[in-house]
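Survey of secondary and tertiary structure
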Amino acid sequence: MSGWSLEDAIAIAGGPAGPHTCFEALPPQDFDCVAENLQVFNLHLEQIAREAVARGAAPPFDWAIALTASSSLACTVRRLEERYAILVPIGAVARIRMMARLLLSYWHVENPPRVIRSPVDAIEDGTESVPPLLRGLFVEDVDMAELRLGLLVLDRVIKLDPVFEPDVRELTHLAVTWLITHEFTHVLHGHFDVLAAAGDERRDRLLRGCELDADDGATAISLLVMDRAVRMASALGQEASMDTGLLRLGYAVTMLLGMFDVVRKHFPAYAHGAYNHPLLRCELFFSAIDRAVQEPPEVKATFLHSVTEGWKRCIHAYDMLTVEAMAGRFGSLPPGRHPAPLHAMLYGVLGGPTDTALRGLMAEAGTLLTEIRAQLPAFQHGGGSEPA
Ligand SMILES: [Zn+2]
């Protein structure tokens, strides 16, 4: 626990973000929309926390969500004196929004080419392989000035029909809230206490397990909130459907994971450290969806079809992006560098050794998740803390 106040935590993370912090990449009206959506979303988190406390799965706790003037893609959660601070960089929101605009611009491409690379191959790593115009999307280490300029220039080359604007807003919201629910799960499931009590030799393994659990919780909570929001909208006579929501969720999470860890694209690069390979995290997202959907078989089948369709459309768009990067649309690279693959979502080869490696990693992750949950207070009373 730090002795920081919420204001300290926000200041250390870059200061508070306002409508003009990142205005070229996130126009003020979009900033207001994001801030308002987060307020509504937080009401759902409050209800989830109240329910968890009522059934004894978590002690009462308080938190605040703050948008910070940081260019980073990574959300964080900090334990303060009396509450937790979930810090969301405005740079992450702007990057996600621009990535949604870029990928959706390929929506009508029929029969997109496939990028055939396997994550078991040794793949050249390093940010030098990211074309100049895509650095603002994929490279973590860019400052706010570079991010703002980079996204502004990129925005000018994106040709997106305005009819997609609601989809851009919704994909941005779903990706950002998935990031927030990941951080929220760290708090809800008691990860801070478990990690604080662990000795150095166990800490790395516990941390990796907690990250798996946080992804799993993020997916379960995202689904629960979507279900409640759709029911609420239907009750008010507004148009809303779980199928459209799930298609967008599948697209948003796949898109988001594709933006992570652009400097590490093959499986062996993730042998150590807190996180698993983004492609593995994406597969585990589908496992979490499969477990979280509590519907009759025929309804569940349509839900799973929708979320898979979102994933498929996103992967096709990522393949198109790679092909256009190879054609030089986003600027040229230093001699000896090649833009493919751009990201770690390497679904082009799924068979043979790739399949064997992926299944092995999935089994390892499943074992670790079970092991971690046996130690988490949230899962000590039989039912776990996953939202019902
Ligand atoms: Zn985490």
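Keep in mind the model is a prediction, meaning the values are calculated, not measured.

A look at helix H6 (residues 165-188)
- Across its 24 residues, H6 extends 33 Å between first and last C-alpha, which sits within 8% of the 34 Å expected from 1.5 Å per residue.
- Along H6, 19 of the 24 residues are buried, which leaves the element largely enclosed by surrounding structure.
- Gly190 occupies a position one or two residues after H6 and carries a positive phi of about 75°.

Remarks on the nonpolar core
- Among the nonpolar cores identified, the biggest contains 118 residues, and Leu134, Phe138, Phe184, Met255 and Leu321 are the most heavily contacted of them.
- Judged by nonpolar contacts, the second largest core, of 8 residues, contains Leu6, Ile10, Leu80 and Leu87.

Section: the coordination of the zinc ion
- Protein coordination at the zinc ion comes from His182 (NE2), His186 (NE2), Glu211 (OE) and Glu211 (OE), with a distance range of 2.1 to 2.8 Å.
- Each of the 4 donor atoms bound to the zinc ion contributes to angles spanning 51 to 135°, and the resulting shape is irregular.
- One chain supplies every donor for the zinc ion, spaced along it as H-x3-H-x24-E. Of this pair, His182 sits in helix H6 while Glu211 is found in helix H8 (residues 200-235), placing the two residues 29 residues apart along the sequence.
- Since its relative accessible area comes to 6%, His182 is described here as buried.

A closer look at helix H10 (residues 278-292)
- Under the 1.5 Å per step criterion, the end-to-end length of H10 is 20 Å for 15 residues, consistent within 8% with the ideal 21 Å.
- Buried residues along H10 sit against H6, H8, helix H9 (242-259), helix H11 (297-326) and helix H12 (352-373).

Observations concerning the packing of H8 against H9
- Closest axis-to-axis distance for the H8/H9 pair is 10 Å, and the angle between their directions is 150°. Taken as axis vectors, H8 and H9 run roughly antiparallel relative to one another. Crossing angle aside, the handedness with which H8 passes H9 is right-handed. Judged by residue contacts, Ser222, Leu223, Met226, Asp227 and Val230 of H8 engage Met242, Gly245, Leu246 and Leu249 from H9.

A look at the pattern of salt bridges
- According to the stated counting rule, one finds 19 salt bridges in the structure shown.
- When the shortest N-O distance is used, the salt bridge between Asp216 and Arg373 registers 3.1 Å. Of this pair, Asp216 sits in helix H8 while Arg373 sits in helix H12, and the two are 157 residues apart along the sequence. Each member of the pair, Asp216 together with Arg373, is buried.
- Because the salt bridges share partners, they merge into one network encompassing Asp213, Asp216, Arg291 and Arg373.

The rules behind these values
Residues numbered from 1 in each chain as written. Predicted model: local features only at pLDDT ≥ 70, side-chain atom pairs only at ≥ 80, totals over all residues. Heavy atoms only, no water. Helix = DSSP H or I, 4+ residues; strand = E, 2+ residues; numbered from the N terminus. Expected span 1.5 Å × (residues − 1). Buried < 20%, exposed > 50% of the residue type's maximum accessible area, 1.4 Å probe, protein only. Core = buried A, V, L, I, M, F, W, Y, C linked by side-chain atoms within 4.5 Å. Donors = N, O, S within 2.8 Å, 3.2 Å for Na, K, Ca; no water. Tetrahedral: all angles 85-135°; square planar, octahedral: opposite > 155°, others 65-115°. Contact = heavy atoms within 4.5 Å. Axes fitted to C-alpha atoms, helices over the stretch in contact; angles between N-to-C directions. Parallel < 35°, antiparallel > 145°, perpendicular 65-115°, else oblique. Left-handed = near helix turned anticlockwise from the far one by under 90°. Salt bridge = Lys/Arg side-chain N within 4 Å of Asp/Glu carboxyl O.

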